[in-house]
Amino acid sequence: MKTDTTDYLLETCLMAGKIMMESGAEMYRVEDTMNRIANIASNKKGISFVTPTGIFMSLEGERNVQLQQIPTRTINLEKVSMVNELSRDFAEKRINLKDLHTKLTNLDKDVRHFPLWLQILAASFVSGSLMIIFGGSWVDFIPTCLIGAIGFIVFYYTQIFMKVKFLAEFLASFTVGLLAVFTISIGLGINLDKMIIGGVMPLVPGVPITNAVRDLIAGHLLSGMARGTEALLTSCAIGIGIAVIFRFFL
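All figures in this text were calculated on a predicted structure; none of them were measured in a lab.

Asker: What is the right way to read unusual backbone geometry from this model?
Answerer: Peptide bonds are mostly trans, and most non-glycine residues show a negative phi. Located in the positive-phi region is Asn43, a residue other than glycine, with phi close to 60°. For Asn43, the position within the fold is in the loop between α2 (27–42) and β1 (46–51). Judged by relative accessible area, Asn43 falls into the exposed class, the value being 74%. The phi torsion at Lys93 lies on the positive side, around 65°, for a residue other than glycine. Checked against the element boundaries, Lys93 lands in the loop between α3 (77–91) and α4 (97–109).

Printed below as a string of structure tokens:
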């Protein structure tokens, strides 16, 4: 009976950690949330080891160790916030362990994404706005918005249909560069470099880079370096896509 209770607790902790890891949370935040749930539920110290691809969890003095694989990683800070809220509710005794497990299970199955049209619209305005911030001309604002939107569409559907890591970023940045060159060639744009900078901004891995730095500062050297390497490779894919355009079309 005690073993079953421990397994149930570890399963709940791992589910919370899995949701947070898949949604782009920092390693130290994942460990803190899991350990806090374990401490409150069992009055024993939670022992967790978190990597970008898997989570190990146990309790101090117990032999049971459970592993949860992390097959995919994306950015969904809303889910991270909701797991944090559930853990706080559990810490303040507003819900019990069974309720927490049920709510986490439902949250794990709930795919929370903004509609595609809104994501495209956001990418469009981000591209145009950052082009202006980086010193571009208002003449290029609408073309850059359109280029950024098309680049994001290429990125979105390449991820879905091809499922090749870093290929989506390469094709999207290639498309952005090609459209920017075309826009300049027909006289609808002025600053090629600023248009390209604005167009690729929705593709830049800002959150992964930030999380990698925060993990390194928090002492999670393995996960920080792993995330930093992934963000670096993503940035390289974006840069190579633009470099190909400059090499063969200019």
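Asker: Explanation requested: the UniProt feature "transmembrane region" (unreviewed entry) in the protein in the structure shown.
Answerer: Sequence positions flagged by UniProt for "transmembrane region" (unreviewed entry) are, in local numbering, residues 116–135, 141–158, 170–192 and 231–249. Between the end C-alpha atoms of residues 141–158 there is a gap of 26 Å, over a span that is 100% helix and 0% strand. For the annotated span residues 231–249, helix accounts for 100% and strand for 0% of the residues, and the straight-line distance between the end C-alpha atoms is 27 Å.

Asker: Help me understand helix α9 (residues 206–217) in this model?
Answerer: Three or four residues apart is the spacing at which side chains of an α-helix point the same way, because the helix has 3.6 residues per turn. In this model, α9 (12 residues) spans 17 Å end to end at C-alpha, consistent with the 16 Å of a helix rising 1.5 Å per residue. Those residues of α9 that fall on the buried side of the exposure criterion are Asn211, Ala212 and Asp215. Down the axis of α9, the buried set is contained in an arc of 105°. They therefore lie on one face. Contacts from the buried residues of α9 go to α2 and α10 (221–249). Downstream of α9 by one or two residues, Gly219 has phi in the positive range, about 95°.

Asker: How do you make sense of the nonpolar core when you look at a structure like this?
Answerer: When a protein is soluble and globular, its nonpolar side chains tend to lie buried together. In terms of nonpolar packing, the biggest core is built from 29 residues, with Val30, Met34, Ile55, Leu100 and Leu104 touching the most fellow members. Of all the secondary-structure elements, those providing two or more residues to this core are α1 (2–22), α2, β2 (54–59), α3 and α4. Tallying contributions element by element places α1 first for this core, with nine residues. Excluding anything up to four places from it in sequence, Leu100 contacts Thr12, Ile37, Leu86, Phe90 and Ile95. Residues Leu192, Val200, Ile238 and Ile245 belong to the second largest nonpolar core, which totals 19 residues.

Asker: Where do I start with the sheet that holds strand β3 (residues 65–69) in this structure?
Answerer: Whether parallel or antiparallel, the strands of a sheet pair through hydrogen bonds between backbone atoms. The strand order across the open sheet built from three strands is β1-β2-β3, with neighbouring strands paired in antiparallel fashion. If you trace the sheet from one side to the other, it starts and ends with β1 and β3, each paired once. In this sheet, adjacent strand axes meet at a mean angle of 15° when their direction is disregarded. Pairing between β2 and β3: five bridges, direction antiparallel. By the bridge assignment for β3, Met57 is matched with Gln66. Along the sheet face, α2 touches β1 and β2 and points at about 155° away from the line of β1.

About the criteria used
- Residues numbered from 1 in each chain as written.
- Predicted model: local features only at pLDDT ≥ 70, side-chain atom pairs only at ≥ 80, totals over all residues.
- Heavy atoms only, no water.
- Helix = DSSP H or I, 4+ residues; strand = E, 2+ residues; numbered from the N terminus.
- Buried < 20%, exposed > 50% of the residue type's maximum accessible area, 1.4 Å probe, protein only.
- UniProt positions renumbered as here; feature names shortened; annotations may be inferred.
- Expected span 1.5 Å × (residues − 1).
- Arc of directions from axis to C-beta.
- Contact = heavy atoms within 4.5 Å.
- Core = buried A, V, L, I, M, F, W, Y, C linked by side-chain atoms within 4.5 Å.
- Pairing = 2+ DSSP bridges.
- Axes fitted to C-alpha atoms, helices over the stretch in contact; angles between N-to-C directions.

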